[in-house]
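An overview of the molecular structure
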Amino acid sequence: MPKLNQVLLFVVLSCIILYAGRSLFIPLSFALLISFILYPICKWMEEKGLSKSMAILINLTFLTLLLGGIVFLLVYQLKQFGSEWPLLKEKINQSISRLSVYLNDEWQIDSVTQQTYTDQLLKNAPGYLFNFLQKTIASSAVSLVLLFLIPIYSFLILYYRSRLMKGLVLLIPDIYRPRITEIVQLAIQSYYNFIKGMLAVYLIVGILNSIGLLLLGVPHAILFGVIAAVLTFIPYVGILAASLFPITLSWVTYNSIWYPIGVIAVFGVVQYLEANIIFPWAVSRKLELNTLFTIIAIIVGGILWGAAGMILFVPFAAILKLIAERIEGGTPLVLLLGDDK
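Reading the values: the criteria
Residues numbered from 1 in each chain as written. Predicted model: local features only at pLDDT ≥ 70, side-chain atom pairs only at ≥ 80, totals over all residues. Heavy atoms only, no water. Helix = DSSP H or I, 4+ residues; strand = E, 2+ residues; numbered from the N terminus. Buried < 20%, exposed > 50% of the residue type's maximum accessible area, 1.4 Å probe, protein only. Core = buried A, V, L, I, M, F, W, Y, C linked by side-chain atoms within 4.5 Å. Phe/Tyr/Trp six-rings, centres within 6.5 Å; stacked < 30°, edge-to-face > 60°. Lys NZ or Arg CZ within 6 Å of the ring centre and 35° of its normal. Contact = heavy atoms within 4.5 Å. Salt bridge = Lys/Arg side-chain N within 4 Å of Asp/Glu carboxyl O. Polar contact = N/O pair within 3.5 Å; in protein donor to acceptor, adjacent residues only side chain to side chain. Patch = residues over 30% accessible without salt bridge, like charges linked within 9 Å, V, L, I, M, F, W, Y side chains within 5 Å. Areas by Shrake-Rupley, 256 points an atom, 1.4 Å probe, with all protein chains shown as cover.

Scanning the chain from terminus to terminus reveals 13 helices and 0 strands. In the chain, the succession of helices and strands from N to C terminus is α-α-α-α-α-α-α-α-α-α-α-α-α. Looking at the chain residue by residue over its 341 residues, the buried ones come to 32%.

The following block contains the structure:
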């Protein structure tokens, strides 16, 4: 029992520290992930005669351009949606008129009562909208600061990697020092496997999205399916923005509400499968984690760090398993986290 109490106390304190320090740990964790991914490429470029600073800058610039391209796709989607707004507005007005007639005929809610409800809704809407915008702007400001810090942290981690490695070796107890280099190398490999798993997720999600949209007859189904898969890495907002244009296009093309509902159903089902089946299976298989604790890591990460934690806590669990495999007394943790081969 005393040992169990110590474990529970350690878990509780760790969760408190992770939650309280999330503003520091989230960008630092993303920077560490990026550093692990770019390290082999930077090392190869340095061996070819490029300076350390230049190799790091080139890799970070390429990664920034890649992410910028994804953001451009998101903005392009929103712009295209804006160009369809006049037709969409007309459809909405027609739907509101039909709804008003239906409420009057079937529910005996006359136009005066409907107008009263509408006025009350519009009266309260600015308050709700203001609170929503306030929270969104505050969250966006924090996100922009974090995005600015991540490349800086990544550069410094890669630049001072030898010094950091020596300091890490000196910090840990003597009994574990001979294995630290092996653990770090395997941790880098785990992050590579994590990225491979994520690529598999995007591929499967893109195929499922495209098949669903093709079956519905939505124009440019493959394009929209692929864009939705790529934007999946932006939780909630990405899939919402990716679905706007196919929903609008299907409504305008077929003049029926059932096609937009079908598009929403396709994206909703695929998102559910991605979150609960595809992601845990593809990623946990690459990292040799069992599916149960992969899902637990996603949920705990979401509770502590939000969307960032849902991404980061899975490779963290894999690294924890690697460490447990190489230290004395880590067998119970390996059995809990590991998967049958």
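Ranked by size, the top nonpolar core spans 40 residues in total, and within it F194, V201, F279, V283, L287, L289 and V314 carry the most contacts. Every element with two or more residues in this core is listed here: α2 (22–47), α3 (52–83), α5 (111–159), α7 (177–216), α10 (258–287), α11 (291–305) and α12 (307–325). If you tally residues by element for this core, the top one is α2, at 8 residues.

Turning next to the packing of aromatic side chains. Applying the stated criterion across every chain yields a total of 6 aromatic pairs. Aromatic side chains F25 and W305 sit 6.5 Å apart centroid to centroid with 25° between the ring planes, which places their arrangement in the stacked category. Of this pair, F25 sits in helix α2 while W305 sits in helix α11, and the two are 280 residues apart along the sequence. What makes F25 partly exposed here is its relative accessible area of 26%. Residue classification places W305 among the buried residues on the basis of a relative accessible area of 7%. Through pairs of rings, three or more aromatic residues link up here, namely F25, W305, F313 and F316. One cation-aromatic arrangement involves K52 over Y159; the distance from NZ or CZ to the ring centre is 5.3 Å.

With respect to the helices, strands and loops of the structure, K321 is situated in helix α12. If near-sequence neighbours (up to four positions away) are discounted, K321 is found in contact with E288, L289, V334, L337 and G338.

Further remarks concern the pattern of salt bridges. All chains considered together, the criterion is met by 1 salt bridge. Between E46 and R161 there is a salt bridge, and its shortest N-O distance comes to 2.6 Å. Note that E46 is positioned in helix α2 and R161 in helix α6 (residues 161–171), a separation of 115 residues in sequence.

With that settled, the discussion passes to the side chain of S35. Structurally, S35 is set in helix α2. Engagement of the side chain of S35 in a polar contact is seen with the backbone oxygen of A31, the distance being 2.7 Å.

Take a nonpolar patch on the surface next. Where nonpolar side chains cluster on the molecular surface, the patch consists of F148, I152, L156, Y159, Y160 and L164 and spans about 570 Å² of accessible area. Following the sequence through the fold, Y160 ends up in the loop between α5 and α6. Looking at Y160, the relative accessible area reads 39%, which means it is partly exposed.

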